[in-house]
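Chain residues, written in single-letter form:
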Amino acid sequence: MFPPRDPDVLDMFTVYENPRDAPGLFVVRRHVIGPGGPQPAEGFAFSTLTAARAAIPPGCFCLGRQPTDEPQIVETWV
């Protein structure tokens, strides 16, 4: 689903529940953090949280929610 990881950048995957652009769905969005700073990349929508989490590449670590996260953010993985 997501392209292979590039060893020269850090991939961050944020799981959203019910975002404005995909109401009623869970969306996983990848952000690439490299020398030029963070850049948004692709995202995919799912009907369940379980399916969204299954799309996150193996080996990622869940950071959970942060107090300053937007309400629709479920968790972030790096």
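Definitions and cut-offs
- Residues numbered from 1 in each chain as written.
- Predicted model: local features only at pLDDT ≥ 70, side-chain atom pairs only at ≥ 80, totals over all residues.
- Heavy atoms only, no water.
- Phe/Tyr/Trp six-rings, centres within 6.5 Å; stacked < 30°, edge-to-face > 60°.
- Helix = DSSP H or I, 4+ residues; strand = E, 2+ residues; numbered from the N terminus.
- Buried < 20%, exposed > 50% of the residue type's maximum accessible area, 1.4 Å probe, protein only.
- Lys NZ or Arg CZ within 6 Å of the ring centre and 35° of its normal.
- Disulfide = S-S within 2.5 Å.

Colleague: Residue-level account of the packing of aromatic side chains, with values.
Modeller: Counted according to the given criterion, the structure contains two aromatic pairs. Centroid distance Phe2 to Phe44: 5.0 Å. Interplanar angle 85°. Geometry classified as edge-to-face. Linking Phe2 in the segment before strand E1 (10-17) with Phe44 in strand E3 (residues 37-46), this pair joins segments that are 42 residues apart in sequence. On the accessibility criterion, Phe44 (27% relative accessible area) is partly exposed. Through a chain of ring-to-ring contacts, three or more aromatic side chains come together here, namely Phe2, Phe13 and Phe44. The ring of Tyr16 carries Arg29 above its face, with NZ or CZ at 4.9 Å from the centroid.

Colleague: Can you break down unusual backbone geometry residue by residue, with the values?
Modeller: Positioned with a positive phi, Asn18 is a non-glycine residue whose angle comes to about 60°. The class of Asn18 is partly exposed, set by a relative accessible area of 46%.

Colleague: Now, about the state of the cysteines: what can you tell me, with residues and values included?
Modeller: This structure, assessed with the given rule, holds zero disulfides. The thiol sulfur of Cys60 is not disulfide-bonded, and the nearest other cysteine sulfur, from Cys62, lies at 10.0 Å. Take Cys60: its relative accessible area is 13%, and that puts it in the buried class. Here Cys62 falls in the partly exposed class, since its relative accessible area comes to 26%.

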